[in-house]
Structure formats: C-alpha cells, structure tokens
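Listed below are the residues making up each chain.
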Amino acid sequence: MRLGNVELAIVSDGRWWLDAGGHFGVVPRVLWEPLIPVDERHRVPMALNCLLIRSDGKTILVDTGLGSKLTDKERDWYGLDSTVGLLQGFDELGVAPQDVDIVINTHLHSDHGGGNTIFDGEGRPRPTFPKAEYWVQRLEWVDALHPNERTIRTYLPQNLLPIEESGQLRLLNGETRVTEEVRCIITPGHTQAHQSVVIESNEQKAIYLGDLAPWKENIEKLAWTSAADVTPLENLETKRAIRPWLVEEQVLLLFEHDPRMAAGYLHLRGDRYEVEPVEV
Ligand SMILES: [Zn+2]
C-alpha cells in the first residue's frame, strides 16, 4: 500500500482470543453480542496487525505482536495459531529482521512488544531486530519496569530488558518526529504514555491507532473503552479530541486488533461517527 511517498504494509503476527469482557469493558453484552460470536471460552478473536513503514530510506516497524516466546500453556490461553507470525510475514515481503532500522512500540503490553525479542539457541531472549533502535516513551518504560498487580502479567521483563542491555533502547519524551513523513503522538488513556503513529505524505494521512481504538467501535463510540485501559476516562477524552481531525482530514485509520477490518475512514453522519472499511 502506498501513501504519498511512503510504503505501508500490514504484517500480521497471527490471531489470538481475548476474554470478551476484557475487550468490551463496561459495554453491556446486549450491545456487543450482535457484532461477533464468542467462542466456547467466552472469548472474541483479536487481530495482531503490526505496521511496516518505508519512509525516507528507513524501514520502520510499529509494534511486534505477541511474539514467539510463549509457553504451550500461554499459547492455549491466547488461542494462538502458531503457524503464522510476524517473521513469516516478513519473509513473504522479502524483508529480513536485520533490515529494520527502527521499532516503535505504541506501548509495552505483551501483545504489542512480545515480538521485540526472540529466544536464541540457548533459550535466552535477545532482540529480534539486531540493528534496530527500539523507540519507547520514557513514561511507558518506567510503568513497564514497575508494574502493579494489574499490569504485571502483561509487562514481561523478557520482552523489555534485552533491548536495554543491548544498547538498542531509545527513550522518547512525548511527541517525536521519526522521519519527514512519520511521527509519534501521545494518545494517553490505554496507558499513561500510549503513543500512536501518524504518517503524512503528499496531503495523504494515516494513523496507526494502537490501543487508542483497537476495533472500529472504539473510535465510533466514545464510551466503548477496553477493560485494560489504565485511565479509561482519559482514553475517552483523547478520542473526543482527535475524532474531528480524523474526519476533516480523511485520515486512514489502521486498526491493530479489529478482526473484521484492518483499515477504514471515519465519517460523521448526523451526530454519529461511523467507520467505512477499506481493503488494504
Ligand atoms: Zn493490545
């Protein structure tokens, strides 16, 4: 896919299953049930759409999925299909892990930074992308290294410490330009320093939303926030603030977890915001 001078490709790390109550938070079941069937364990499918960007001669990867270090028990827990993954997707595109210059993590939950590292021959985690800098918001890094009882199962040291030990970690302080066409913006709420990635080239715009709005309903309806949001009311206000811009500039929305669509445009029809899906 092209956006002006920028090349974009969605690379999937597979599909996993998440407890429906976890995903839909305070939204009543009668409202979300018609959208998608749950499985026998009351879970809904979740995409793991990572984004590969070629801009200004740089190869940039945004988020790295759940990765390949899960135990069999964890794979079963996530319902993860092990036959697909980020690196298989790279293979198909003819991209090697050492080609990646920059990895951006929207945040460090295990479904976004799990592929940051990979086991070496001796079963030790090492950075998956040996030549890349890993760009992480400083506050997100601090939160990840000091988890509480609610976040400790998703901020996993094996996804984090190897990138610091290898000297590949770069901590960001708020909005940061990556190239002339790509920048990170702070979209707080899911985590305190959650970031989304904006791509702008030749008047065309796209945004990789991350968990600001993992599914289309999360941006259409302000109150639809995930149970995993650290500060859900802040997430709601972030969405309120950004939606007019998304509509006016016809920004292409890239969804990380929506199993039904990877991309779409937001429209305001009367007083309702609606996403129109786009094939990518
Ligand atoms: Zn997520």
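Residues numbered from 1 in each chain as written. Predicted model: local features only at pLDDT ≥ 70, side-chain atom pairs only at ≥ 80, totals over all residues. Heavy atoms only, no water.

Caption draft 1: Spatial organisation of the coordination of the zinc ion. Taken together, the protein ligands of the zinc ion are Asp111 (OD), His112 (NE2), Asp211 (OD) and His257 (NE2), with distances of 2.0 to 2.3 Å. With four donor atoms in place around the zinc ion and angles of 82 to 157 degrees between them, the coordination shape is irregular. Mapped onto the polypeptide sequence, the residues donating to the zinc ion form the spacing pattern D-H-x98-D-x45-H. Of this pair, His112 sits in helix H5 (residues 110-113) while Asp211 sits in the loop between strand E13 (204-208) and helix H8 (216-220), and the two are 99 residues apart along the sequence. (Donors = N, O, S within 2.8 Å, 3.2 Å for Na, K, Ca; no water. Tetrahedral: all angles 85-135°; square planar, octahedral: opposite > 155°, others 65-115°. Helix = DSSP H or I, 4+ residues; strand = E, 2+ residues; numbered from the N terminus.)

Caption draft 2: View of unusual backbone geometry. You will see that His42, though not glycine, has its phi angle at about 60 degrees, which is positive. Here His42 is to be found in the loop between helix H2 (29-32) and strand E3 (43-55). Phi is positive for Asn202, which is not a glycine, with a value near 45 degrees. By secondary structure assignment, the location of Asn202 is in the loop between strand E12 (195-201) and E13.

Caption draft 3: A look at the sheet that holds strand E16 (residues 272-277). Across the sheet, which stays open at both edges, the seven strands sit in the order E10-E11-E12-E13-E14-E15-E16 with mixed pairing between neighbours. Among the strands making up the open sheet, the edge pair consists of strand E10 (176-177) and E16. Of the strands in this sheet, strand E11 (182-186), E12, E13, strand E14 (252-254), strand E15 (263-269) and E16 touch helix H9 (residues 232-248), which is tilted by about 100 degrees from E15. (Pairing = 2+ DSSP bridges. Contact = heavy atoms within 4.5 Å. Axes fitted to C-alpha atoms, helices over the stretch in contact; angles between N-to-C directions.)

Caption draft 4: Structural view of the sheet that holds strand E4 (residues 58-62). Reading across from one edge, E1-E2-E3-E4-E5-E8-E9 is the order of the seven strands in this open sheet, with mixed pairing throughout. The sheet is open, and its two edges are formed by strand E1 (2-3) and strand E9 (169-172), each paired on a single side. Note that strand E2 (residues 6-19) and E3 share eleven bridges and pair antiparallel. Following the sheet pairing, Ile10 is matched in E3 by Leu51.

Caption draft 5: Region of the structure containing the nonpolar core. Formed by 21 residues in total, the largest nonpolar core has its most connected members in Leu8, Leu51, Ile53, Ile104, Val178 and Ile199. At the level of elements, E2, E3, E4, strand E5 (102-104), E11, E12, E13 and E14 are the ones that each hand at least two residues to this core. Residue contacts for Val178: discarding those within four places in its chain leaves Ile60, Ile102, Ile104, Trp135, Arg183 and Cys184. Within the second largest apolar cluster, 20 residues are counted, among which are Leu52, Ala144, Leu160 and Ile163. (Core = buried A, V, L, I, M, F, W, Y, C linked by side-chain atoms within 4.5 Å. Buried < 20%, exposed > 50% of the residue type's maximum accessible area, 1.4 Å probe, protein only.)

Caption draft 6: Local environment of the side chain of Asp13. Considering the arrangement of structural elements, one finds Asp13 in strand E2. For Asp13, the side chain forms a polar contact with the main-chain nitrogen of Leu86, separated by 2.8 Å. Aside from chain neighbours lying at most four places away, what touches Asp13 is Leu48, Cys50, Thr64, Gly65, Leu66, Gly67, Val84, Gly85 and Leu86. (Polar contact = N/O pair within 3.5 Å; in protein donor to acceptor, adjacent residues only side chain to side chain.)

Caption draft 7: View of the pairing of E12. In terms of burial, E12 is a largely internal element, six of the seven residues being buried. Two elements, E11 and E12, share five bridges in a ladder whose sense is antiparallel. Bridging across to E12, Cys184 finds its partner in Val197. In this structure, E12 lies alongside E13, joined through five bridges in antiparallel fashion. Across the sheet, Val198 pairs through a bridge with Ile207, a residue of E13. Hairpin connection, E12 to E13: the antiparallel pair is bridged by two residues, and Asn202 has positive phi, about 45 degrees.

Caption draft 8: A look at the pairing of E16. Sheet topology places E15 next to E16; six bridges connect them, and they run antiparallel. The partner of Tyr265 across the bridge, within E16, is Glu276. Connecting E15 to the antiparallel partner E16 that follows it, the hairpin turn spans two residues, and Gly270 within it adopts a positive phi of roughly 65 degrees.

Caption draft 9: Quick look at the side chain of His23. Mapping His23 onto the fold places it in helix H1 (residues 20-24). Judged by relative accessible area, which is 2%, His23 ranks as buried. A distance of 3.4 Å separates the side chain of His23 from the side chain of Trp215, its partner in a polar contact. Contact partners of His23, with chain neighbours within four places excluded, come to Leu18, Val44, Met46, Pro214, Trp215, Asn218, Thr225, Ser226 and Ala227.

No statement about biological role is implied by the geometric values presented.
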